Amino acid sequence: MLLRTLFTLAALYSCIYVVAQPELVHENFNNNAALWGLEKDDAHEIAIQGGSLQLRSKNGDNVFVSHDYPVDPEKDFYIESFIRRVSGDSATYGIYLADTRKTKNNRWYYYLIAPDGRLIFCENSTENTEYVYYQEEAPIANPLSAGNTLGIEKKGAVTNFYFNKKLMFTLPNVRFWGGFIGYGLYGRGTIQVDQLVVKQSFKINLVPNAAAAKYTKKNLGAAVNTKDDDIMPVISADGKTLYYAVEDDPANIEVAANSDIWYATRKEDGTWAPRKNIGKPVNTREADFVINATPDNNSLLVNGMYKTERGKLNKYEGLSMTHRTPSGWSIPEQIKIENYYNYSTEVSFALSPDRQVIISSIERDITYGGTDLYVSFQQEDGTWSVPENMGSVINTYGKDITPTIAADGKTLYYSTNGKPGYGSNDIFVTKRLDDTWKNWSEPLNLGPSVNTINWDAYYSVPASGDIAYIVSNDQSLGGADIYSISMVKEAQPDPVVIVQGKVFNKATNQPIGATITYHELSNGKDIGAAQSNPQDGSYKIVLPYSKAYGFLAEKEQFLSESNNIDLSEEKPYQEIQRDLYLTPLEVGKTITLNNVFFIQSKADLMPESYPEMERLVKLMMDNPVIHIELAGHTDNVGNPALNKELSEKRVETIKNYLVSKGIAANRITGKGYGGTKPIASNASEETKKLNRRVEFTIVK
């Protein structure tokens, strides 16, 4: 074998190392709260019992187990583990550190005890094994039958290796990427690991007031949770519907072991109605889960690409969107991301509330560690741009996973093991600083009420932002359960407004399925879309504060009646009721131009009017046989004659605008009525606004 003599033998019996760094991990294996991968078959067994992690090879095959821990490879650290060989005189065993990023040619670094007691340090890759250190002379440290302590220390530019607290050898700094610490057993036998300690200087960057918060996780109970693993919670914007994945449920479709999507609805008293399987075609024989529910709760982003082959619906890796229909959920349609690839076996996503941005937790050629967060933007043709790395403020040397974008569109929650925390993965919050989606505030740990010594991920918040839904094993009904927890204000997203109501056919007053679009009133910029429920016409849109918005329902062969809301002044979270109306494209039907505004007491259009005017132009262009009659109205304040004159001038302004855009003048007539035809009382400013309006009626 090829030996590299890069080591330095030290004062072996006089040097006792005492670590001054704080403990990052202290695992006594009293239980499996850290979720080590336990296995058992005819050839091997990995178990936790009697306060030990046990690896057993029954037929001589090699046995390995590892766990991801947040060790920063750029900083000094010390890893120590107590291991005992129970049986197998010919077995080699020890500790290993893993770099499993596929872009870096998988590498494992092993610190081992050979059967004759010699110490080995080797680098194993997908291509070959290289023995960096191997004791060629007689063993210099005799293994103890009661067990031995292996230690690995990064200190500056070197890595020191200890045996029973004594320095054995030193190598130039071994470059490992952190995150994975595990154990290996070569040959027939059994080993027991009684303790794992990881020490590294760190400071948890906490959300203000999170450390002092005494919030308690509340198990959602047997109506939601099962004795199996209940994971990946996604709460609707209004907080009334919870989607989640259940593994190993006998009621799952076709393959119980693979997760199905289930959902539960919250009742008026705050309790949850019994869960229901979302059913086919969304659930398949493969693993199924919801990634996002759009704010209207009428569309779901789900994992996988659904494809009908030979009359059977199959599922492949990818993303898809499903929509409510009168008979249930539609077959999910593929989301196409340009040049999408992922080296990791793990993947998670998030969709922004306005449906314009997808964040992917994947591993690509440009990466800071394991899985990073990448951003893609929706293009005009409906496809999505190439994923771009979101930068080093968010992404780490570890795994950055399970992103969630809050209703404000700029608060991001995600889990990582690459920042100091309380366990192997913690949940952090950060704020978007601009529209590039690459500049973010420093991520802050959500604190000990949320994060534990275990693996913490999955986090979902409704639009109210004051409560979160998380996954935990603490006092669960069986496996992992879903819990709710209140959040400190500093960890909450910015307040938003839910505008909700129903879409009606104005001619029949029946609910109708339609597309709801919303835009900035000042410039007409479209900023999002939603769908109304085709069964009952209900819709919801989430609007952040700081702007005035216009919004309307749209459907072919119908005229849209716009609405608007001024949210320029920030207030607490609220829900506002606004029904929307669609009028059939027929002679005699009248539409109010709600988003046409004039300067007070003048006939000059305000800039906010132009998006509405352009929609009227488009209507006339798309339907060249339509003739309309404009009608101007005012409130009853002031001189009636002057009010009539003002209304006539405003009608003339609108007609002139249409003609300037190429609409034939003979298709437009108009009249001003002043305050003679009110549609509401003039008792208050709010009702007076309703009377100050311009309408058009289809006359031909």
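The coordinates are above.
Residues numbered from 1 in each chain as written. Predicted model: local features only at pLDDT ≥ 70, side-chain atom pairs only at ≥ 80, totals over all residues. Heavy atoms only, no water.

**A closer look at the side chain of Asp-481**
Link 1 in the chain: Structurally, Asp-481 is set in strand S37 (residues 481-486).
Link 2 in the chain: For the buried residue Asp-481, which engages in no salt bridge, the nearest side chain bearing the opposite charge is Arg-275, 9.8 Å off.
Link 3 in the chain: A distance of 3.0 Å separates the side chain of Asp-481 from the side chain of Asn-219, its partner in a polar contact.
Link 4 in the chain: Not counting the four nearest positions on each side in its chain, Asp-481 is found in contact with Asn-219, Asn-225, Thr-226, Asp-228, Asp-230, Ile-470, Val-471, Ser-472 and Ser-476. (Helix = DSSP H or I, 4+ residues; strand = E, 2+ residues; numbered from the N terminus. Buried < 20%, exposed > 50% of the residue type's maximum accessible area, 1.4 Å probe, protein only. Lys, Arg positive; Asp, Glu negative; His and termini not counted. Salt bridge = Lys/Arg side-chain N within 4 Å of Asp/Glu carboxyl O. Polar contact = N/O pair within 3.5 Å; in protein donor to acceptor, adjacent residues only side chain to side chain. Contact = heavy atoms within 4.5 Å.)

**What about the sheet that holds strand S49 (residues 628-633)?**
Link 1 in the chain: Here four strands make up an open sheet; going across it, the order is S48-S51-S49-S50 and the pairing mixed. Taken across any chain shown, the strands that pair with only one partner, and hence form the sheet edges, are strand S48 (590-592) and strand S50 (668-672). Neighbour-to-neighbour, the strand axes of the sheet open up by a mean angle of 20°, direction not taken into account.
Link 2 in the chain: With three bridges joining them, S48 and strand S51 (residues 693-698) adopt antiparallel strand pairing. (Pairing = 2+ DSSP bridges. Axes fitted to C-alpha atoms, helices over the stretch in contact; angles between N-to-C directions.)

**Comments concerning the packing of helix H1 (residues 610-622) against helix H2 (residues 640-660)**
Link 1 in the chain: The interhelical angle for the contact between H1 and H2, taken along N-to-C directions, is 60°, at an axis separation of 10 Å. With respect to H2, the axis of H1 lies oblique. Taken as a pair, H1 and H2 cross one another with a handedness that is right-handed. Contacts from Tyr-610, Met-613, Glu-614, Leu-616 and Val-617 in H1 reach Ile-654, Tyr-657 and Leu-658 in H2.
Link 2 in the chain: Considered class by class, the residues forming the contact of H1 with H2 number seven nonpolar, no polar and one charged. (Parallel < 35°, antiparallel > 145°, perpendicular 65-115°, else oblique. Left-handed = near helix turned anticlockwise from the far one by under 90°. Nonpolar A, V, L, I, M, F, W, Y, C, P; charged D, E, K, R; others polar.)

**Here we look at the sheet that holds strand S41 (residues 526-531)**
Link 1 in the chain: Strand order in the open sheet formed by four strands is S41-S40-S43-S45, with antiparallel pairing between adjacent strands. Since the sheet does not close on itself, it has two edges, and those belong to S41 and strand S45 (563-566), each with one partner. Neighbour-to-neighbour, the strand axes of this sheet turn through a mean angle of 20°, independent of strand direction.
Link 2 in the chain: Pairing analysis gives six bridges linking strand S40 (residues 515-520) to strand S43 (residues 548-554), with the strands arranged antiparallel. Directly across from Glu-520, in S43, lies its bridge partner Tyr-549.

**Comments concerning the pattern of salt bridges**
Link 1 in the chain: Scanning the model with the defined rule gives 25 salt bridges in all.
Link 2 in the chain: Taking the shortest distance from any N to any O, the salt bridge between Glu-388 and Lys-438 comes out at 2.4 Å. You can see Glu-388 sitting in strand S30 (residues 388-389) and its partner Lys-438 sitting in the loop between strand S33 (426-431) and strand S34 (444-445), a full 50 residues away along the chain.
Link 3 in the chain: Residue Lys-438 is classed as partly exposed on the basis of its relative accessible area of 34%.
Link 4 in the chain: For Glu-645, the salt bridge identified is with Lys-649, shortest N-O distance 3.3 Å. Separated by four residues within a single helix, Glu-645 and Lys-649 lie in helix H2, roughly one turn from each other.
Link 5 in the chain: With a relative accessible area of 36%, Glu-645 lands in the partly exposed category.
Link 6 in the chain: Put simply, Asp-408, Lys-410, Lys-431 and Asp-494 are held in one network by salt bridges that share partners.

Keep in mind these values describe shape, not function.
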